[in-house]
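Breakdown of the fold
So the chains spell out like this:
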Amino acid sequence: MRRATLAQAPALASGAVTDAAEPARARLDAATAGLEPPFAVVDLDAFDANAGDLLRRAGGKPVRLASKSVRVRALIERALGAGLQGILAFTLPEALWLAGHGHDDLVVAYPTADRAALRELATGSARERVTVMVDSAEHLEAIRAAGASAAAPVRVCLDVDAGWWPLGGRGPRIGAKRSPLHTPAAAAALAREIAARPELVLDGLMSYEAHIAGLGDRPPGRLGALAGAAIAGMQSASGRELAARRAEVVAAVSAVAPLRFVNGGGTGSVERTAAEAAVTEVAAGSGLFAPTLFDAYRSFTPRPAALFALPVVRRPSAGVATVLGGGYLASGAAGGDRLPRPVLPAGLRLDRQEGAGEVQTPVTGEAARALRVGDRVWFRHAKAGELCERFDAVHLIRGGAVVETVPTYRGEGMTFL
Ligand SMILES: Cc1ncc(COP(=O)(O)O)c(C=O)c1O
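The paragraphs below set out a description of the structure included in this document. The shown structure was predicted, so the numbers you read here are calculated from the model rather than taken from an experiment.

1. Quick look at the overall build of the protein
Helix and strand counts for the protein come out as 12 helices and 17 strands. The principal-axis extent of the C-alpha atoms belonging to the protein is close to 70 × 45 × 45 Å. Buried positions account for 54% of the 417 residues belonging to the protein. Long-range contacts, defined as pairs at least 24 residues apart, comprise 70% of the intrachain contacts of the protein with a sequence gap of at least 6. Carbon and sulfur atoms make up 54% of the accessible area of the protein, which totals about 17,200 Å². A distance of 4 Å separates the average location of the 47 positive side-chain charges in the protein from that of its 42 negative side-chain charges.

2. Section: empty space enclosed by the protein
In total, this model carries 3 cavities of 30 Å³ or more according to the counting rule given. In this structure, the largest cavity occupies an estimated 80 Å³ of space. Around the largest cavity, the lining is made up of 14 residues, and of these Asp161, Ala162, Ala176, Arg178 and Tyr208 lie nearest the centre. Its residues assigned to classes, the lining of the largest cavity comprises 6 nonpolar, 4 polar and 4 charged.

3. Topic: the site of the ligand
Neighbouring the ligand are 17 residues; Ser69, Tyr110, Thr267, Gly285 and Ser286 lie closest to it. Within the side chain of Tyr110, an N or O atom sits 2.5 Å from an oxygen atom of the ligand. When isolated, the ligand has an accessible area of 390 Å², and the protein chains bury 95% of it. Within the shell around the ligand, the residues separate by chemical class into 9 nonpolar, 6 polar and 2 charged.

4. A few points about a nonpolar patch on the surface
Together, Val313, Leu324 and Val359 give the surface a local cluster of nonpolar side chains, amounting to about 210 Å² of exposed area. Locating Leu324 in the fold gives a position in strand S11 (residues 320–324). Accessibility expressed as a relative area gives 33% for Leu324, which makes it partly exposed.

5. Observations concerning the packing of helix H5 (residues 92–100) against helix H6 (residues 115–123)
Two numbers describe how H5 lies on H6: the axes approach to 9 Å, and their chain directions differ by 35°. Of the two possible hands of crossing, H5 and H6 adopt the one that is left-handed. Each of Leu92, Pro93 and Leu96 in H5 lies in contact with H6, whose residues at this interface are Ala117, Leu118, Glu120 and Leu121. Of the residues belonging to the contact of H5 with H6, the class tally is 6 nonpolar, no polar and 1 charged.

6. Looking at the environment of Thr267
Note on placement: Thr267 falls in the loop between strand S8 (261–264) and helix H11 (270–274). Looking at Thr267, the relative accessible area reads 5%, which means it is buried. Between the C-alpha atom of Thr267 and that of Val41, which follows or precedes it by 226 residues, the distance is 21 Å. For Thr267, the residues in contact, after removing those within four places along its chain, are Leu54, Arg57, Ala213, Ala283, Ala284, Gly285, Ser286, Gly287, Phe294 and Phe300.

7. What about helix H7 (residues 137–145)?
Quick reminder: α-helices carry 3.6 residues per turn. Residues three or four places apart thus point the same way. Considered for burial, the residues of H7 that qualify are His139, Leu140 and Ile143. The buried residues of H7 occupy one face: seen down the axis, they fall within an arc of 100°. Residues Glu138 and Ala145 are exposed on H7 and point more than 90 degrees away from its buried face. In the core, the buried residues of H7 are packed alongside H6, strand S5 (130–134), strand S6 (154–159), helix H8 (184–195) and strand S7 (200–207).

8. Notes on the packing of H8 against helix H10 (residues 224–254)
Contact geometry of H8 with H10 gives a least axis separation of 8 Å together with a crossing angle of 30°. Relative to H10, the element H8 is oriented roughly parallel. The way H8 lies across H10 gives a crossing that is right-handed. Residue-level contacts link Pro184, Ala187, Ala188 and Ala191 of H8 to Arg245, Glu248, Val249, Ala252 and Val253 of H10. Across the contact of H8 with H10, the residue classes break down as 7 nonpolar, no polar and 2 charged.

9. Focus: the side chain of Asp43
Checked against the element boundaries, Asp43 lands in strand S1 (residues 39–43). Buried Asp43, no salt bridge; nearest opposite-charge side chain is Arg398, N-O distance 6.8 Å. Within the structure, Asp43 has its side chain in polar contact with the backbone nitrogen of Asp45 (distance 3.0 Å).

10. Quick look at the pattern of salt bridges
A complete count under the given rule lists 28 salt bridges for this structure. Between Arg73 and Glu412 there is a salt bridge whose closest N-O contact spans 2.8 Å. Here the residue Arg73 occupies a position in helix H4 (residues 73–82), and Glu412 occupies one in the segment after strand S17 (401–407), the gap between them amounting to 339 residues. On the basis of relative accessible area, Arg73 is assigned to the buried category, the value being 17%. Residue class for Glu412 comes out partly exposed when judged on its relative accessible area of 26%. Measuring nitrogen to oxygen at the nearest pair gives 2.9 Å for the salt bridge that ties Asp392 to Arg410.

11. Brief notes about the pairing of S1
Here S1 lies mainly inside the structure; 5 of its 5 residues are buried. Side chains Phe39, Val41 and Asp43 of S1 all project onto a buried face; the interleaved residues Ala40 and Val42 project onto the opposite face, where all are buried too. Bridge count between S1 and strand S10 (residues 306–317): 4 bridges; the pairing is antiparallel. For Val41, the partnering residue across the bridge sits in S10 and is Leu307. Two strands pair when backbone bridges link them, and S1 and strand S16 (residues 393–398) are joined in this way by 4 bridges, in the parallel orientation. Paired with Val41 across the two strands is His395, which belongs to S16.

The rules behind each value
- Residues numbered from 1 in each chain as written.
- Predicted model: local features only at pLDDT ≥ 70, side-chain atom pairs only at ≥ 80, totals over all residues.
- Heavy atoms only, no water.
- Helix = DSSP H or I, 4+ residues; strand = E, 2+ residues; numbered from the N terminus.
- Buried < 20%, exposed > 50% of the residue type's maximum accessible area, 1.4 Å probe, protein only.
- Contact = heavy atoms within 4.5 Å.
- Areas by Shrake-Rupley, 256 points an atom, 1.4 Å probe, with all protein chains shown as cover.
- Lys, Arg positive; Asp, Glu negative; His and termini not counted.
- Charge placed at Lys NZ, Arg CZ, Asp CG, Glu CD.
- 1 Å grid on protein atoms, 1.4 Å probe; cavity = no way out; pocket = protein on both sides within 12 Å on 5 of 7 lines; lining within 4 Å.
- Points joined across faces, edges and corners; volume = space filled by probe spheres on them.
- Nonpolar A, V, L, I, M, F, W, Y, C, P; charged D, E, K, R; others polar.
- Near = heavy atom within 4 Å.
- Polar contact = N/O pair within 3.5 Å; in protein donor to acceptor, adjacent residues only side chain to side chain.
- Patch = residues over 30% accessible without salt bridge, like charges linked within 9 Å, V, L, I, M, F, W, Y side chains within 5 Å.
- Salt bridge = Lys/Arg side-chain N within 4 Å of Asp/Glu carboxyl O.
- Axes fitted to C-alpha atoms, helices over the stretch in contact; angles between N-to-C directions.
- Left-handed = near helix turned anticlockwise from the far one by under 90°.
- Arc of directions from axis to C-beta.
- Parallel < 35°, antiparallel > 145°, perpendicular 65-115°, else oblique.
- Pairing = 2+ DSSP bridges.

Structure representation (structure tokens):
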């Protein structure tokens, strides 16, 4: 029988009142009774189940861990132990730091202009374990200027745009504004420049379809069904175009130099991206913590694993309880979906005027009436790893108890972004 997670997914997904909500709250409160909020927890049963689900969805293709979506070394190690392979790091200093802790197969997912870190890479011992992202001749030149040489070449990965240009570039461009390399010809041209530079080795190719992997097709709200249908339509048209183009890009680049890996996708597109023959591995990270933005997908339902507890510190009126802290907003275009969500006790809402505050956050709704000073309110963050920039440590819960407390990147003094 599958072990029940401490906080059952349905009880936490919406913060709505369900039969499972009060037992889930009681379990979380009991497991952490000795802690003073604010604090963050990760439910290991949910985390492990989510890791297993990502691997299942990948259907046998390797899943590379997007470390930005975890930012806790102990949990990165746990995910790798569960079967994820390799790390998609978010900055070069982070990748060098992880290499120093014994990790290998580190791909930095975003280009760097950090001269000191590039110098350390080019001249240090991590060179064979870290691959840096490039999409232009400027990136190649920065690596050469940092001291890369034919005797000690630096590994690079080509970042290719995964956006959808329905009118062939003359109209709207759908997708994140990242790499300028869109066509097979453009990718092959940069691959040739890399091949012509003895101080570089072309290691891999990455193209991340943010508009598919990071955009839920089951958005909440009054017009959710309509918006969801439009998103799903866009995603399937874009997915078809991308699969064909990605195969052509990989063929064109492979004709210049062999590729060790072709990376694509993210938590929201694991099965779709893994199904492409040209893709050798998918990336994922957010699906481990399962923040609220990942409630909005039709094809999978991860279990909320990361939560934070805030203490009620005052009662402005009978229907309002105010907790300490809470203004942990997620990055991206500002909107209600970037706010943390109070989930336990069930039936709480943020205040429309105040949202989640810098130092205090009022919560309303029926459940607020019963809250007393000193009670906890449990929240979920909208995104995954960003939560860890707010806490020095996370308390790991298993089987109804805190089994370990581990530092976040921040707790180790490492703030990369
Ligand atoms: C390059 C790249 N790959 C993959 C991902 C997917 O990560 P996650 O599964 O955490 O959404 C991201 C997220 O932004 C990304 O930037």
